[in-house]
Each structure stands twice: as C-alpha cells, then as structure tokens.
Amino acid sequence: MLKFVLGFIVLLNFANAFALEGASGDSLGEGLSLRKKTFTEKMPKEVVDLFEKNIKEQKASGIESQSLKVGDKVPDVLVDLGGKKVQLSRIYAEGPVVLKFYRGGWCPYCLMELKHYQKMNAEFKKAGAQILAIAPDNAEQIRETKTKNSLSYDVVSDHHQAIAKQFKLVYKVHPKIAEVLKKSGIDLSVYHGDNENELSIPGTFLVGKDGIVAFAYVDADYRQRAEPSIVLQAVKALK
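Residues numbered from 1 in each chain as written. Predicted model: local features only at pLDDT ≥ 70, side-chain atom pairs only at ≥ 80, totals over all residues. Heavy atoms only, no water.

## Structural notes on the overall build of the protein
For step 1, the next point in the chain: Helix and strand counts for the protein stand at twelve helices and nine strands.
For step 2, the next point in the chain: Counting all 239 residues of the protein, 51% fall into the buried class.
For step 3, the next point in the chain: As displayed, the protein offers around 11,500 Å² of accessible surface, 55% of which is attributable to carbon and sulfur atoms. (Helix = DSSP H or I, 4+ residues; strand = E, 2+ residues; numbered from the N terminus. Buried < 20%, exposed > 50% of the residue type's maximum accessible area, 1.4 Å probe, protein only. Areas by Shrake-Rupley, 256 points an atom, 1.4 Å probe, with all protein chains shown as cover.)

Structure representation (structure tokens):
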C-alpha cells in the first residue's frame, strides 16, 4: 500500500513539475533553468537525487566524447520524412541542416527546446538552413508532438534509434529511472514501439553542404541545450 501511495505521489509531482508552461524564460537557457528549479522543488528528494546521480554516471561513461565532433563526416543515414525515405546526403546537399536529437515528446526540456527553435525557424530559413528534429518516438507520437507544438519544421521518427546510434548518442536507461518514468505515465516501450529501453542524450549538429559537422553540442545533462541563437550564428558563419 505504501509503495502505491509513493508511486501516486511521484505521478502527481511529475505532472506538477512538468506542466508549468509559464516557466519558459526569455532565452532557452533561462527557461531550462526555471524548469530544473521547478522539478527540484516539486519532486521528492530521493527522486531528484536519483536523476542527479544518473546524469553524473552518464557523464562519467564518456558518451559525450564518443559522439560526432566538428570536422567529422556525418553518416549517410536514411531519414523518414512523412513516410518517404530520403538519404541525409540529399537533404544537406540542398543547404545546411540543423540536426536536433531530442529524447521524446514526453520530455518537457525537449519540448521547450523545440518551441524555441520554432520561434526562430524563419531566421534559420532566411540563413539558408533547415531544421530536422529527431526522436525515438513512434510515428504517431511524432505527429502529436508536431501538431500540439505547432512545429513547421520536419520532425523524424528514429525507429530503434538507428540514426542516433550512428551519431553515438544512445544509451541504456537505468532500470530505476525507467521505473520512475513509468510510474509517472511515461512508458518508453509505448512511445518507442519496442522494448529496448534506450534513449539518446540530446545533441545538436550543424551539417554543411559538404556533409561535415560545422557545429556540435552534446551534453549528457539533458537539462542543458545549445541556444538556437548560437546555432544560427554558426549557420551564418558557414557563408
């Protein structure tokens, strides 16, 4: 009975900590800091400590250093654009591409990031670049995220994280983290359509027309993201 009550409390606190749309801030960084503060204040200390420990373990694993870097050639992966498979090389041949790997439509930090990119999408287009957001969510979840957040750029379903694995961003979710997420109503197997229990650390890569990474930002702390304005500067610097 106690375990059920604690699980219910976690569910309520997750809902409260994740639902505050007002905690957005002017810049992406400010908004993420406010959301982190909300999470820390609303969630039980043992849950906060669990997530903090997991982030430290991810950083210690070396996954950040294994991912693609500036100067690397990107793998010519297949990208599913609305049911049509397209080689990534055909996309960046038309102009610079901002590849935005995010954890999923259930992640408030990710949704905040996607919305900030949406606010600047016209500026990216003016600079000649297109945004391509990528997540392991199934096609239905991707459509829901795109519709609910009024995203005008392409959002890709990365089945079994085939693309993210090529960029060396994927890791196994700790069983305790998966349990807390599931208690909060976030069942990764439902979102992903598989039982692999994997996620990718968020990453942002600017790919030039030559297929070379011109800007890279990867952080195992999912609460930290590259400012869209800085990525836009990198796009303009390509010219």
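## Re the side chain of Asn 54
For step 1, the next point in the chain: The residue Asn 54 is located in helix H3 (residues 45-60) in this model.
For step 2, the next point in the chain: The residues touching Asn 54, leaving out its near neighbours within four places in the chain, are His 174 and Ile 177. (Contact = heavy atoms within 4.5 Å.)

## Remarks on the pairing of strand S2 (residues 84-87)
For step 1, the next point in the chain: In this structure, strand S1 (residues 78-81) lies alongside S2, joined through four bridges in antiparallel fashion. The residue of S2 that forms the bridge with Asp 80 is Lys 85.
For step 2, the next point in the chain: Between S1 and the antiparallel strand that follows it, S2, lie two residues; Gly 82 among them carries a positive phi value of about 60°. (Pairing = 2+ DSSP bridges.)

## A short note on the pairing of strand S3 (residues 97-101)
Two faces, one strand: in a regular strand the side chains alternate between the faces of the sheet.
For step 1, the next point in the chain: Counted residue by residue, S3 has five buried out of five residues, so it is predominantly covered.
For step 2, the next point in the chain: Side-chain alternation along S3 places Val 97, Leu 99 and Phe 101 on one buried face and Val 98 and Lys 100 on a second face that is also buried.
For step 3, the next point in the chain: Where S3 lies against strand S4 (residues 130-135), five bridges are found, and the strand directions are parallel. If you follow Lys 100 over to S4, its bridge partner there is Ala 133.
For step 4, the next point in the chain: Both S3 and strand S8 (residues 203-207) contribute to a ladder of five bridges, which runs antiparallel. Bridge pairing in S8 links Val 97 to Val 207.

## Looking at the sheet that holds S4
For step 1, the next point in the chain: The five strands are arranged S5-S4-S3-S8-S9 in an open sheet whose pairing can be described as mixed. Two strands in the sheet have a free side with no partner beyond their single neighbour: strand S5 (154-157) and strand S9 (213-218). The sheet shows a mean angle of 15° between the axes of neighbouring strands, direction not considered.
For step 2, the next point in the chain: Of the strands in this sheet, S3, S4 and S8 are in contact with helix H6 (residues 108-119), which crosses S3 at around 160°. (Axes fitted to C-alpha atoms, helices over the stretch in contact; angles between N-to-C directions.)

## Here's the deal with the pattern of salt bridges
For step 1, the next point in the chain: Here the structure, examined in full by the defined rule, presents 13 salt bridges.
For step 2, the next point in the chain: The shortest N-O distance in the salt bridge between Lys 148 and Glu 144 comes to 3.0 Å. Taken as a pair, Lys 148 and Glu 144 lie in helix H8 (residues 139-148) at a separation of four residues, close to a single helical turn.
For step 3, the next point in the chain: Two residues, Glu 196 and Lys 165, come together in a salt bridge whose shortest N-O distance is 3.9 Å. One end of the pair, Glu 196, is in the loop between helix H11 (188-192) and strand S7 (198-200); the other, Lys 165, is in helix H9 (residues 162-166), and 31 residues separate them in sequence.
For step 4, the next point in the chain: For Lys 165, a relative accessible area of 37% translates into the label partly exposed. (Salt bridge = Lys/Arg side-chain N within 4 Å of Asp/Glu carboxyl O.)

## What to know about the side chain of His 192
For step 1, the next point in the chain: With respect to the helices, strands and loops of the structure, His 192 is situated in helix H11.
For step 2, the next point in the chain: The exposure class of His 192 is buried, given its relative accessible area of 4%.

## A closer look at the packing of aromatic side chains
For step 1, the next point in the chain: The full count for this structure, using the stated rule, is six aromatic pairs.
For step 2, the next point in the chain: On the numbers, 5.5 Å between centres and 65° between planes, the contact of Tyr 109 with Tyr 222 is edge-to-face. Taken together, the residues Tyr 109 in helix H6 and Tyr 222 in the loop between S9 and helix H12 (228-237) connect sequence positions 113 residues apart.
For step 3, the next point in the chain: With a centroid separation of 5.1 Å and an interplanar angle of 55°, the aromatic rings of Phe 167 and Phe 205 are classed as tilted. With Phe 167 in the loop between H9 and strand S6 (170-172) and Phe 205 in strand S8, this residue pair connects regions lying 38 residues apart in the sequence.
For step 4, the next point in the chain: What links up through ring pairs into an aromatic cluster is the set Phe 101, Phe 167 and Phe 205.
For step 5, the next point in the chain: Of note, Arg 103 hangs over the ring of Tyr 222, and the distance from its end group to the ring centre comes to 3.8 Å.
For step 6, the next point in the chain: Above the plane of the ring of Tyr 222 lies Arg 223, whose end atom (NZ or CZ) is 6.0 Å from the centre. (Phe/Tyr/Trp six-rings, centres within 6.5 Å; stacked < 30°, edge-to-face > 60°. Lys NZ or Arg CZ within 6 Å of the ring centre and 35° of its normal.)

## Considerations on unusual backbone geometry
For step 1, the next point in the chain: At His 160, a position not held by glycine, the phi torsion is positive, near 55°.
For step 2, the next point in the chain: On the secondary structure map, His 160 appears in the loop between S5 and H9.
For step 3, the next point in the chain: The backbone of Gln 161 shows a phi angle near 55°, a positive value even though the residue is not glycine.
For step 4, the next point in the chain: Note on placement: Gln 161 falls in the loop between S5 and H9.
For step 5, the next point in the chain: Residue classification places Gln 161 among the buried positions, given a relative accessible area of 3%.

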